[in-house]
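Now for the letters of each chain:
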Amino acid sequence: MAEPETTRVTVEGRRLRLSSLDKVMYPSTETTKGEVLDYYARVAGVLLAHLRSRPVTRVRWPHGVADQMFFEKNLPAGAPSWLPRVEVDDVTYPLVPGLAELTYLVNLNSLELHVPQWTVGQDGTRENPDRLVVDLDPGAPAGLRECARVALLVRERLERLGLELYPVTSGSKGMQLYARLGGDLSSSEVRDLAQQLAQEMTKRHPDLVLWRMTRSLRPGKVFLDWSQNVAAKTTVSPYSLRGRELPQVAAPRTWAEVEAGAEDGGSLEQLMIEEVLERLDRDGDLLAGLP
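Note that the coordinates shown come from a computational prediction; the quantities given were computed from them, not determined experimentally.

## Some points on the sheet that holds strand 11 (residues 165-169)
Taken in spatial order, the 6 strands of this open sheet run 13-14-10-12-11-17, and their pairing is mixed. Each edge of the open sheet is held by one strand with a lone partner, namely strand 13 (209-210) and strand 17 (251-252). Bridge count for strand 11 against strand 17 is 2 bridges, and the pairing is antiparallel. In the strand pairing of strand 17, Thr169 is matched with Ala251.

So, in structure tokens, the structure goes:
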């Protein structure tokens, strides 16, 4: 079998070999690996803020989204010595402080990048979470409209606690809502807060919200997944691509969009690569206030 074609590049002073740039990663749109690498290079200025000091779990599609994928937590085999790493619970994760590290991992067909809500300190110890995430997962026939309605309810509730929320459409089916934290609560305490919120929302809006994970109860409702705040859990990073049929992105949104999407007849759709890049050029980083 012939060796894949490689292109040598220098990124932030690091020499990298990029392979198979013409490989089609998203057959539905004929989006190539080279275009995926280009997307990540163009959003690195905002994406890296959400990866920095967080252990990064990758979801890799070696042959594109039409084929098999796998999660990878450990440092990839053959990783260069300059790739930073941290050991957490007997797993050695890569850290991604810059574009060179990001490019190296994306070149391994890592389409999705997932991170916890906590960071590691300079000594490698796990810090308290610096953000809370509310993950909204709709059960068909519920969709983004129902997620938008729940998002507005959650915003109203958490604003009373002094928390400002940042909405992100997940690039898959639902949404995430992020809030900045001061780092004075443990992961367990943040998890308990999120669970209490989910239970309260379910009690107040039983026809719309669900806090239990039972799949048989999900149709037509929005599962408020409080468990994403458990220390061992990760959530897809804002600005990460998703391994779906289309090259959709976990994309920051405005509250005006969420409000419009919650209305009868309103429209709120997942965003793709070019739309996210256009919005970034036009609006800047809507998550600038989020760690």
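## Digging into the sheet that holds strand 9 (residues 110-115)
Read from one edge of the open sheet, 4 strands run 6-5-9-15, paired in antiparallel fashion. Looking at the sheet topology across the chains shown, the edges are occupied by strand 6 (70-72) and strand 15 (235-236). Two strands pair when backbone bridges link them, and strand 5 (residues 57-60) and strand 9 are joined in this way by 4 bridges, in the antiparallel orientation. Of the residues in strand 9, the one forming a bridge with Val59 is Glu112.

## Describing the layout of surface pockets
Empty space among the atoms becomes visible once a probe the size of a water molecule is rolled across them. Each pocket or cavity is described by its volume, and for the largest pocket that value is around 470 Å³. Looking at the largest pocket, it is lined by 23 residues, and the ones nearest its centre are Asp135, Asp137, Gln176, Asp225 and Gln228. For the lining of the largest pocket, the secondary structure elements donating two or more residues are strand 10 (131-138), strand 14 (222-225) and strand 15. Among the elements that make up the lining of the largest pocket, the one with the highest residue count is strand 10 (4 residues). Estimated volume of the second largest pocket: approximately 210 Å³. Arg17, Ser19, Lys33, Asn107 and Leu108 are, among the 13 residues lining the second largest pocket, the residues nearest its centre. Split by residue class, the lining of the second largest pocket holds 4 nonpolar, 5 polar and 4 charged.

About the criteria used
- Residues numbered from 1 in each chain as written.
- Predicted model: local features only at pLDDT ≥ 70, side-chain atom pairs only at ≥ 80, totals over all residues.
- Heavy atoms only, no water.
- Pairing = 2+ DSSP bridges.
- Helix = DSSP H or I, 4+ residues; strand = E, 2+ residues; numbered from the N terminus.
- 1 Å grid on protein atoms, 1.4 Å probe; cavity = no way out; pocket = protein on both sides within 12 Å on 5 of 7 lines; lining within 4 Å.
- Points joined across faces, edges and corners; volume = space filled by probe spheres on them.
- Nonpolar A, V, L, I, M, F, W, Y, C, P; charged D, E, K, R; others polar.

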